[in-house]
Amino acid sequence: YNNRTYRVDEIAWDKDPKFLFKKRDGTEIPLTRYYSERYQLRIEDEGQPLLVSRPSRRDRRAGITGPILLIPELCRETGISDALRQDYSFMKEFALHTHIDPTTRFNRLSAFIHGLNRNNEVQNELAKWQISVDEDLVELEGRVLDSEQIIYGDKAIRYKPSEADWSREGRSLKHIAAKDLTHWIVFFTGKDAQLAEQMVDAMGQVCTPVQLQNDRPETYLEAIMAKVRRNTQMAVCVLTNNRKDRYDALKKYFCLDNPIPSQMVLTKTLTKRNQLMSVATKIGIQMNAKLGGEIWAVQIPSRTLMLIGMDAYHKRGQPSVAGFVASINPSCTRFYSRVIYQRTNQELVDGLAVCLRDALQEYLRCNGTLPEKIVMYRDGVSDGQLQAVYEHELPQILETFPKIQSGYDPKFAMVIVKKRGSTRFFAKNTTALYNPPPGSVIDNTVTNSDWYDFYLISQCARQGTVAPTHFNVIWDRTQLKVDHMQRLTFKLCHMYYNWPGTIRVPAMCQYAHKLAYLIGQSLNQDFDHTLADKLFYL
């Protein structure tokens, strides 16, 4: 009735719409009468319990301290149910309204600006502040970076620049470094036996399948404890559905109790017979990456460069989890991962120093030398937190280097990554507007005159208007040219092994996001560090 969104924290079974609540003037009034007088709404069911929503920070600042009571009859659930998400026709129709193409978005923005400038009341208000809104959107020139060469073990390929996707070309190519997989186990329920066997056949590997009586978490765990040996390299579990309690129990066992890489596969993924080889290929790529294999690479100009990605996962009422992922070889195809539990800013700073120290020691162990240049991409930072990162995190990082080795002073850069901006760009030809192609860089006119920043569109958007990623270089002693920093950033958007195409952020940031999400959602504690040199969280 008021177009506001609330989070339901509990249900007040002992209250109903006849409940007397105190107004701001101190008088008490039944909810039924309040809604009738204030919103002209008649409540049909006077026996329904009330929903309780605790006030947000914004509400508390507005003076609302007690719980907000809501009447279920007047509420509508937000979001889309899982059943609707699986309805292809609905989602296709839904996308027509949520994924707006560039021309439609441009026309709507133009109409909005036109409406503002024709409204006398709005103009009078803006005039008080000496503000005027231009009739036209800002026009500027951008650049498009060249597409990258994707290097596999037996061949280097070029993708179609407009699509930034090499799934078809890369399907039959040899991985740069494929790990031997001689001891692995597949766990599946009896009713999924045929699907599991088809998957194993499609992957063309030798395995030890284990059939289970049912799909309860304890059944899986009993079988896993009985069958997994010291030399088991990988466990694959075929799951009938994505029940969180079962997934969490399995991941805890494989990441904490008996640390080996694991792969979960849903039966609905295996039921599409005509796509089975494609599914098996993707599972094979994931399994090799989780074992520490190297799938593909791009040409990295420096041979002594370490790249770091950081992202955070936040859950209300729990400590935040920061994922830390660093490259540990010259081609930036192998990674070292850690997490930081963060209740305060100081905990994050202290944990960051430990992660950086361990990552540098792993790099030294693998290469016999320390990196000369380090570029850190820091995701999950708002504009309001920039100062804290600059004043607290950055000094701690710089102080860590000499502690690794006396006199060690690498050329370091820190780049803040922001995905959630509202900025949108349209490319224009003589007849129409369209999405800028992957590799588009905007570093003038709409960037901050006080910052070293740029926008990069690295991904292809097949629907709607593409969303750029904003990169803000807050510290740079690498002596890389601006163009080279932009090119390096674009190269790293090609290195996410879960998708044979470009993504919105450098791969290390996406790996850090996946790691932090797994820890925050499923494990709720640090993983066993014997897995740190593997992408076990993919």
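Residues numbered from 1 in each chain as written. Predicted model: local features only at pLDDT ≥ 70, side-chain atom pairs only at ≥ 80, totals over all residues. Heavy atoms only, no water.

The protein chain appears in an unreviewed UniProt entry as Piwi from Didymodactylos carnosus.

(A) Highlighting the overall build of the protein chain. For the protein chain, the count of helices and strands is 16 helices and 22 strands. Seen through its principal axes, the protein chain has C-alpha atoms that stretch 75 × 60 × 55 Å. Relative to all contacts within the protein chain whose residues are 6 or more apart in sequence, the contacts with residues 24 or more apart total 67%. A total accessible area of about 29000 Å² is found for the protein chain, and carbon and sulfur atoms account for 48% of it. One finds the centroid of the 70 positive side-chain charges in the protein chain at a distance of 3 Å from the centroid of its 61 negative side-chain charges. (Helix = DSSP H or I, 4+ residues; strand = E, 2+ residues; numbered from the N terminus. Contact = heavy atoms within 4.5 Å. Areas by Shrake-Rupley, 256 points an atom, 1.4 Å probe, with all protein chains shown as cover. Lys, Arg positive; Asp, Glu negative; His and termini not counted. Charge placed at Lys NZ, Arg CZ, Asp CG, Glu CD.)

(B) Region of interest: the packing of helix H10 (residues 244-257) against helix H16 (residues 507-523). Contact geometry of H10 with H16 gives a least axis separation of 9 Å together with a crossing angle of 115°. Of the two elements, H10 crosses H16, and the hand of that crossing is left-handed. Along the contact surface, H10 presents Lys244, Tyr247, Asp248, Lys251, Lys252 and Cys255, while H16 presents Leu518, Gln521, Ser522 and Leu523. Looking at the contact of H10 with H16 residue by residue, the class counts come to four nonpolar, two polar and four charged. (Axes fitted to C-alpha atoms, helices over the stretch in contact; angles between N-to-C directions. Left-handed = near helix turned anticlockwise from the far one by under 90°. Nonpolar A, V, L, I, M, F, W, Y, C, P; charged D, E, K, R; others polar.)

(C) Quick peek at the sheet that holds strand S1 (residues 10-12). On the basis of which strands lie adjacent, the open sheet formed by three strands has the order S1-S4-S5 and antiparallel pairing. Where the open sheet ends on each side, the last strands, each with one partner, are S1 and strand S5 (68-70). On average, each strand axis in the sheet is inclined to that of its neighbour by 40°, with strand direction left out of account. Bridge count between strand S4 (residues 50-53) and S5: three bridges; the pairing is antiparallel. Residue pairing for S5: serine 53 is matched across the bridge by isoleucine 68. (Pairing = 2+ DSSP bridges.)

(D) Region of interest: the pattern of salt bridges. This model, assessed by the stated rule, comprises 26 salt bridges. Of the charged contacts in the structure, one is a salt bridge between glutamate 135 and arginine 118, with a shortest N-O distance of 2.9 Å. With glutamate 135 in the loop between helix H6 (120-128) and strand S6 (143-144) and arginine 118 in helix H5 (residues 102-118), this residue pair connects regions lying 17 residues apart in the sequence. Where glutamate 125 meets lysine 128, a salt bridge forms, and the shortest distance between an N and an O atom there is 3.4 Å. In this pair, glutamate 125 and lysine 128 are both assigned in helix H6, three residues apart and thus about one turn of the helix distant. Here the residues in one salt-bridge network are Arg7, Asp9, Glu10 and Arg54, joined through shared partners. (Salt bridge = Lys/Arg side-chain N within 4 Å of Asp/Glu carboxyl O.)

(E) Representation of empty space enclosed by the protein in the model. On inspection of all chains with the given rule, the structure shows one cavity of 30 Å³ or more. The space that makes up the largest cavity amounts to roughly 50 Å³. Around the largest cavity, the lining residues are Ala289, Gly292, Gly293, Thr333, Arg334, Phe335, Tyr497, Asp533, Lys534 and Leu535. Residues of the lining of the largest cavity, tallied by class, amount to four nonpolar, three polar and three charged. (1 Å grid on protein atoms, 1.4 Å probe; cavity = no way out; pocket = protein on both sides within 12 Å on 5 of 7 lines; lining within 4 Å. Points joined across faces, edges and corners; volume = space filled by probe spheres on them.)

(F) Structural view of the nonpolar core. Counting 92 residues, the largest nonpolar core has Phe324, Tyr377, Tyr497, Tyr511 and Phe527 as the members making the most contacts within it. Here this core gets 10 residues from one element, more than from any other, and that element is H16. In contact with tyrosine 511, not counting residues within four places along its chain, are Val325, Phe335, Met495, Tyr496, Tyr497, Leu535, Tyr537 and Leu538. Of all hydrophobic cores here, the second largest spans 21 residues; its members include Phe188, Ala196, Ala202 and Ala280. (Core = buried A, V, L, I, M, F, W, Y, C linked by side-chain atoms within 4.5 Å. Buried < 20%, exposed > 50% of the residue type's maximum accessible area, 1.4 Å probe, protein only.)

(G) Structural context of the packing of helix H9 (residues 217-227) against H10. Following both chains from N to C, one finds H9 and H10 inclined at 20°, their axes separated by 9 Å at the closest point. Relative to H10, H9 is oriented roughly parallel. At the point where H9 passes H10, the crossing takes the right-handed sense. Residues Pro217, Tyr220, Leu221, Ile224 and Met225 of H9 form the contact with H10, whose participating residues are Asp245, Arg246, Ala249, Leu250, Tyr253 and Phe254. Among the residues forming the contact of H9 with H10, the class breakdown is nine nonpolar, no polar and two charged. (Parallel < 35°, antiparallel > 145°, perpendicular 65-115°, else oblique.)

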